[in-house]
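# Geometric and topological summary
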Amino acid sequence: MSTHETIRQGAGVHRLDLEALIADLNNFIADGTVPSPRERPASAKTPPPERARKPGIEHVVAIMSGKGGVGKSLVTALLAVALRKRGFNVGILDADITGPSMARMFGVSERPYEGADKKPHPPATRTGIPIMSMNLILDNEADAVIWRGPMVSRAIQQFYTDLEWGKIDYLFIDLPPGTSDAPLTVLQALPVSGVVLVTTPQGLTTMIVSKAVKLTQQLKVPVVGLVENMSYFEDKETGKRYELFGESKGVQLVVESGAPLLAQLPIDPALTQLCDAGRVEEYQSPDYDTLAQNFVKILPALTAQTKAS
């Protein structure tokens, strides 16, 4: 228990029997008797959170990896733009609370606003994609968000439930690295139809992404596709490809996850410049077209999963 909690408060947080706890403490004070360990009552175990479905949002797609620095935010942005260009209503929820980047990539700096319904609405990008990111409610985008896990989890849930997203066919959630608080919150508390995993050719990355595969399997959330980012660099003058991070390991993850490899994206300086300038929606390339086309092919599977859940 915390030094700032009363015994009653600590018992409430940890779902303990207050009367039995007091009795044990009194016995310890009286004669030094330490109680033997005993199981919590079955009714005291915390049930998994219910998945809250937001009216108007048809499908929720989580983009995750387990590994940092592989380009999850980039893939989230590219997939959202691809579907928007094809006439779908899409939204982006940046669940990387302590390291948000989505707003900068799209050049969005406006705060959430109060609509005619007197409810908070997320700002939109140039092409009409509503987006919510922690940076949009900070006084300075460079300010650090120094929060513990429960606060991060609560913020993600509030971004989803408290904002009026409007009619959304596909809401993309950009997850931070790891398999802890934020990914658990999204996969357990939100109605996720499927997960897209992002990796790079490095063996180290493959090992970490395998952990994310196991997490989705344990939580029974399907992996619907894989994207290998930074697969190669192509010299525009000679057309020669260089595998800077080694040979592709995508097949291994395809076998582990049972999901298709949607694309192998190259290192493209032009894309880097557009993201830094907040103009990711302007990007075009054959590899990006392949990603978009293959993702559209798996949309029926997402719809089927949504209906099943």
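For the structure, see preceding data.
Fair warning: this is a prediction, and the values are worked out from it, not measured in the lab.

Scanning all chains against the criterion turns up three aromatic pairs. Relative to F295, the ring of F172 has its centre 5.9 Å away and its plane inclined at 45 degrees; by these criteria the two rings are tilted. Placement of the pair is F172 in strand 6 (residues 168–174) and F295 in helix 10 (residues 286–297), with a sequence separation of 123 residues. With respect to burial, F172 and F295 carry one shared label: buried. Seen from their ring centres, Y283 and Y288 are 5.9 Å apart, and the 40 degrees between their planes marks the pair as tilted.

Along the polypeptide, S193 turns up in strand 7 (residues 192–199). For S193, the contacting residues outside a window of four places in its chain are H59, V60, P222, L302, Q305 and T306.

Considering the arrangement of structural elements, one finds I97 in the loop between strand 2 (90–94) and helix 4 (102–106). I97 sits in the buried class, given a relative accessible area of 1%. The spatial distance from the C-alpha of I97 to the C-alpha of A155 is 7.8 Å, given a sequence separation of 58 residues. Not counting the four nearest positions on each side in its chain, I97 is found in contact with M134, V145, W147, V152, A155, I156 and F159.

Moving on, we come to the packing of helix 3 (residues 72–85) against helix 10. The geometry of a pair of packed helices is captured by two quantities: the angle between their axes and the separation between those axes. Look at helix 3 against helix 10: their axes get within 10 Å of each other, and the N-to-C directions meet at 70 degrees. Taken as axis vectors, helix 3 and helix 10 run roughly perpendicular relative to one another. Where helix 3 abuts helix 10, its residues L78, L79, V81, A82, L83 and K85 lie against Y288, L291, A292, F295 and V296. Along the lines of polarity and charge, the residues of the contact of helix 3 with helix 10 split into 10 nonpolar, no polar and one charged.

The rules behind each value
- Residues numbered from 1 in each chain as written.
- Predicted model: local features only at pLDDT ≥ 70, side-chain atom pairs only at ≥ 80, totals over all residues.
- Heavy atoms only, no water.
- Phe/Tyr/Trp six-rings, centres within 6.5 Å; stacked < 30°, edge-to-face > 60°.
- Helix = DSSP H or I, 4+ residues; strand = E, 2+ residues; numbered from the N terminus.
- Buried < 20%, exposed > 50% of the residue type's maximum accessible area, 1.4 Å probe, protein only.
- Contact = heavy atoms within 4.5 Å.
- Axes fitted to C-alpha atoms, helices over the stretch in contact; angles between N-to-C directions.
- Parallel < 35°, antiparallel > 145°, perpendicular 65-115°, else oblique.
- Nonpolar A, V, L, I, M, F, W, Y, C, P; charged D, E, K, R; others polar.

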